[in-house]
Amino acid sequence: MTDANDLSRTPISNLLDASATGQTHKVCGWVRTFRNDRFLAVNDGSTLHNLQWVVDKDQTPDDLLKKLNTGAAVQAVGTLIESQGGGQSTELVVEELVILGEADPEEFPIQMKRHSLDFLREKAHLRFRTNTFGAVFRVRHVLQYAVHSFFHERGFYQLHTPIITGSDAEGAGEMFRVTTLDVENPPRAEDGSVDVGQDFFGKESNLTVSGQLEAELGAMALGQVYTFGPTFRAENSNTSRHLAEFWMIEPEIAFADLKDDMKLAEDCLKYVLQCALEHATDDLAFLERRELDVEKQLPQAERHDQPLRERLQAVVDAPFTHLTYTEAIDLLRNSKPYKKKKFKFPVEWGVDLQSEHERWLVEKHVGGPVIVTDYPAGIKAFYMRDNEDGKTVAAMDVLVPGIGEIIGGSQREERLDVLKKKCADFNIPEEHVWWYLETRKFGTAPHCGFGMGFERLVMYVTGMGNIRDVIPFPRTPQNAEF
Ligand code: 4AD
Ligand code: MG
């Protein structure tokens with residue numbers, strides 16, 4: 001018999017087709033099911049698929065057989081053969097079986113039935129063991145790899161922008177304070193206020209809401225950069241699309257305008273979707289079946305018109321629709337839900353689009369991704385470039401069905417005098433952003449960029465309906481378990 005210690009482990013993903021048969025392998029994984037005292041379905045996470053292990057009952061001690069419960073970690077040495085039964089093409093004839101870690105069947109919470117996603121969120125430490133979460137997190141990996149490939153192939157440099165920041169100019173959301181001061185008993189200045197000068201950085205600091213301002217500094221020398229890091233927003237929004245900690249991809253390109261920005265966003269989204277379709281085929285097929293299954297319980301009107309992979313392919317194949325904000329407002333005011341007073345939030349020029357409006361535009365009006373441009377200056381950030389009309393800025397949001405905003409970006413205001421005026425309009429003291437303003441003083445140039453919410457992308461590609469189910473350990477108000 002082969003000594004298990006002499007063999008290195010073969011992942012199950014390498015053992016699924018007939019070309020690997022006839023050889024001895026060491027395989028490890030977690031038991032999914034054990035039936036007829038003979039067939040063990042084992043999953044090792046390398047793939048959605050289980051490998052069937054055939055156990056010889058007469059050669060295996062009874063107390064070992066009893067421990068082959070769902071969830072147990074097992075190791076086998078055996079010969080891979082073409083499967084005798086249907087349902088799989090190969091199986092492992094076990095010659096040597098070891099239980100690495102038992103799982104008490106009375107206590108192990110993940111059983112072989114379909115658990116609700118709510119239940120599994122409370123078991124986030126074990127939910128990776130389900131087919132659904134295994135698939136989601138493998139797709140998540142493929143997507144992040146695709147993002148890096150896309151930018152690398154186009155000659156971008158990844159820039160690691162800071163996670164702790166002393167700047168609060170971005171205005172993208174409420175910030176999480178970072179401090180080493182004793183919160184029970186902070187040092188006080190003479191006037192009784194907290195003396196932030198004695199804090200770790202000698203000033204107030206926070207977790208970043210975006211790496212954009214720093215990425216702009218990099219782009220003004222390296223030409224094309226991108227960030228891909230965690231960002232933090234202390235908004236109290238308990239929706240299926242908001243996290244307090246999420247990952248964002250932020251490219252920034254010099255010598256480019258809003259048209260180039262829109263093109264980059266569309267190319268990027270199409271590239272990563274295409275990559276997922278090619279490299280996460282099995283997992284997407286599984287998620288597609290799962291979605292169809294779940295939607296069987298829903299009324300027709302709430303179901304998707306197309307299965308998941310067809311929807312994604314359609315996005316890859318068709319050009320995105322472009323609308324200005326002004327056109328979008330006109331369309332919305334002429335829409336049925338507006339006329340029947342079905343929208344909760346007002347629709348008028350100057351007011352930000354709400355999720356219900358975005359979703360009507362993409363789901364009902366266009367039926368695919370839409371890029372909305374040229375928003376009113378007052379509802380967008382200070383750094384966005386003023387348009388000639390004196391009312392709007394060169395902003396763009398990419399909206400997609402089921403999600404709403406997946407990307408937000410703009411051309412940046414590169415004219416020093418205009419930017420200084422905008423700082424004043426937005427009540428941003430120039431001394432807080434002196435370094436940002438200096439890039440406009442020394443060799444300023446047109447440039448633009450955008451931010452893509454990575455979890456919204458993962459939701460879009462996997463079809464998962466809640467953002468808490470596409471990040472391993474979600475951070476939301478009142479929730480930082482695990
Ligand atoms: O539109 P946002 O706030 O834009 C920025 O932060 C800019 N600095 C980006 C840039 O131009 N470099 O956020 C960008 C994207 C949104 O379109 C959305 O996909 C995602 O980030 N996002 C969130 N995702 C999850 N949870 C939240 N709370 C999010 N807030 C924004
Ligand atoms: Mg936005």
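Remember, predicted model here, so these are calculated numbers, not experimental data.

A. Representation of the packing of helix α5 (residues 258–279) against helix α7 (residues 308–317). For the pair α5 and α7, interaxial distance at closest approach is 9 Å and the crossing angle is 145 degrees. Of the two possible hands of crossing, α5 and α7 adopt the one that is left-handed. Seen from α5, the contacting residues are Lys270, Leu273, Gln274 and Leu277; seen from α7, they are Arg309, Leu312, Gln313, Val315 and Val316. Looking at the contact of α5 with α7, its residues break down into five nonpolar, two polar and two charged.

B. View of the pairing of strand β11 (residues 245–254). The buried count for β11 comes to eight of ten residues, which makes it a mostly enclosed element. Of the strand pairs in this sheet, strand β10 (residues 224–232) and β11 are connected by nine bridges, and their pairing is antiparallel. Looking across to β11, one finds that Thr227 is bridged to Glu250.

C. Summary view of the packing of α7 against helix α13 (residues 454–462). Where α7 meets α13, the closest approach of the two axes is 8 Å, and the angle between their N-to-C directions is 120 degrees. With respect to each other, α7 and α13 are oriented oblique. Of the residues in α13, those touching α7 at Leu308, Leu312 and Val315 are Tyr460, Val461 and Thr462. Each residue belonging to the contact of α7 with α13 can be placed in one class, and the counts come to five nonpolar, one polar and no charged.

D. Spotlight on the pattern of salt bridges. In total, this model carries 24 salt bridges according to the counting rule given. The salt bridge involving Arg412 is made with Glu216; its shortest N-O contact spans 3.8 Å. Of the two residues, Arg412 is situated in the loop between β15 (404–411) and α11 (416–425) and Glu216 in helix α4 (residues 212–222); the sequence distance between them amounts to 196 residues. Arg412 gets classed as buried once you look at its relative accessible area, which sits at 2%. For Glu216, the salt bridge identified is with Arg440, shortest N-O distance 2.8 Å. With Glu216 in helix α4 and Arg440 in helix α12 (residues 434–441), the pair connects residues that are 224 residues apart, well separated along the chain. You'll find Glu216 and Arg440 in the same group, each marked buried. One salt-bridge network, held together by shared partners, links Asp118, Arg121, Arg127 and Asp469.

E. The arrangement of the domain arrangement of the protein chain in detail. Domains assigned within the protein chain are domain 1 (4–101) and domain 2 (129–174 + 209–469). Inter-centroid distance (C-alpha atoms) of domain 1 to domain 2 is 44 Å. With eight residues of domain 1 at the contact, the number on the domain 2 side is seven residues. Overall, the association of domain 1 and domain 2 removes approximately 650 Å² of surface from exposure, summing both partners, and the carbon and sulfur fraction of that is 43%. Interface area lost by domain 1 to domain 2 is led by Trp30, Arg32 and Leu48, which between them contribute 71%. Our count for the contact surface shared by domain 1 and domain 2 stands at zero salt bridges. Joining domain 1 to domain 2, the criterion identifies five residue pairs in polar contact (both at pLDDT 80 or more). Along the lines of polarity and charge, the residues of the side of domain 1 that touches domain 2 split into two nonpolar, five polar and one charged.

F. Fine view of the packing of aromatic side chains. Taken as a whole and judged by the stated rule, the model has 16 aromatic pairs. Pairing Phe228 with Phe454 gives two aromatic rings, centres 5.0 Å apart and planes at 65 degrees, and the pair type is edge-to-face. Taken together, the residues span a long stretch of sequence, with Phe228 in strand β10 and Phe454 in helix α13 at a distance of 226 residues. Owing to a relative accessible area of 11%, Phe228 belongs among the buried residues under this scheme. Note on Phe473 and Phe482: the rings are 5.9 Å apart at their centroids and 35 degrees apart in plane angle, and the pair reads as tilted. Phe482 gets classed as partly exposed once you look at its relative accessible area, which sits at 41%. Aromatic ring contacts, followed pair by pair, group Phe128, Phe133, Phe137, Phe473 and Phe482 into a single cluster. Just above the ring of Tyr375 sits the side chain of Lys380; from NZ or CZ to the centre is 4.2 Å. The residue whose ring lies beneath Arg440 is Tyr436, and the NZ or CZ to ring-centre distance is 4.1 Å.

Criteria and cut-off values
- Here the residue index of a chain counts from 1 through its sequence in written order.
- Written order determines the labels here, with chains lettered from A and ligands numbered from 1.
- Local features in this predicted model are restricted to residues whose pLDDT is 70 or higher, and side-chain atom pairs enter the listing and the counts only when it is 80 or higher, whereas totals over whole chains, interfaces and linings include all residues.
- Processing note: side-chain calculations cover all non-hydrogen atoms of the structure and skip hydrogens and water entirely.
- Lines fitted to C-alpha atoms define the axes, with helix axes restricted to the stretch in contact, and inter-axis angles between N-to-C directions lie between 0 and 180 degrees.
- Only runs of H or I of at least four residues qualify as helices and only runs of E of at least two qualify as strands under DSSP, and these elements are numbered from the N terminus.
- Note on convention: the crossing is left-handed when the near helix lies turned anticlockwise from the far helix by less than a right angle, right-handed when the turn is clockwise.
- Note on contacts: a residue pair qualifies if any of its non-hydrogen atoms lie within 4.5 Å across the two residues.
- Residues are grouped as follows: Ala, Val, Leu, Ile, Met, Phe, Trp, Tyr, Cys and Pro are nonpolar; Asp, Glu, Lys and Arg are charged; every other residue, Gly included, is polar.
- Classification of residues uses two cut-offs on accessible area relative to the type maximum, computed with a 1.4 Å probe and protein chains only: under 20% is buried, over 50% is exposed, and between them is partly exposed.
- For two strands to be treated as a pair, DSSP must find at least two bridges joining them.
- Orientation categories follow fixed angle ranges, with anything under 35 degrees roughly parallel, anything over 145 roughly antiparallel, 65 to 115 roughly perpendicular, and all other angles oblique.
- The working definition used for a salt bridge is a side-chain nitrogen of Lys or Arg within 4 Å of a carboxyl oxygen of Asp or Glu.
- Domain boundaries shown here were taken from an automatic or database domain assignment.
- Accessible surface is computed with a 1.4 Å probe, and the buried area is the amount of it that two parts give up when combined, taken over both parts together.
- Residues adjacent in sequence count toward polar contacts only when both atoms are side-chain atoms; beyond that, a polar contact is any pair of N or O atoms within 3.5 Å, and within protein one must be able to donate a hydrogen and the other to accept it.
- Note on aromatic contacts: the rings of Phe and Tyr and the six-membered ring of Trp form a pair at centre separations within 6.5 Å, being stacked when their planes are under 30 degrees apart, edge-to-face when over 60 apart, and tilted otherwise.
- Any Lys NZ or Arg CZ that is within 6 Å of a ring centre and within 35 degrees of that ring's normal is treated as a charge sitting over the ring.

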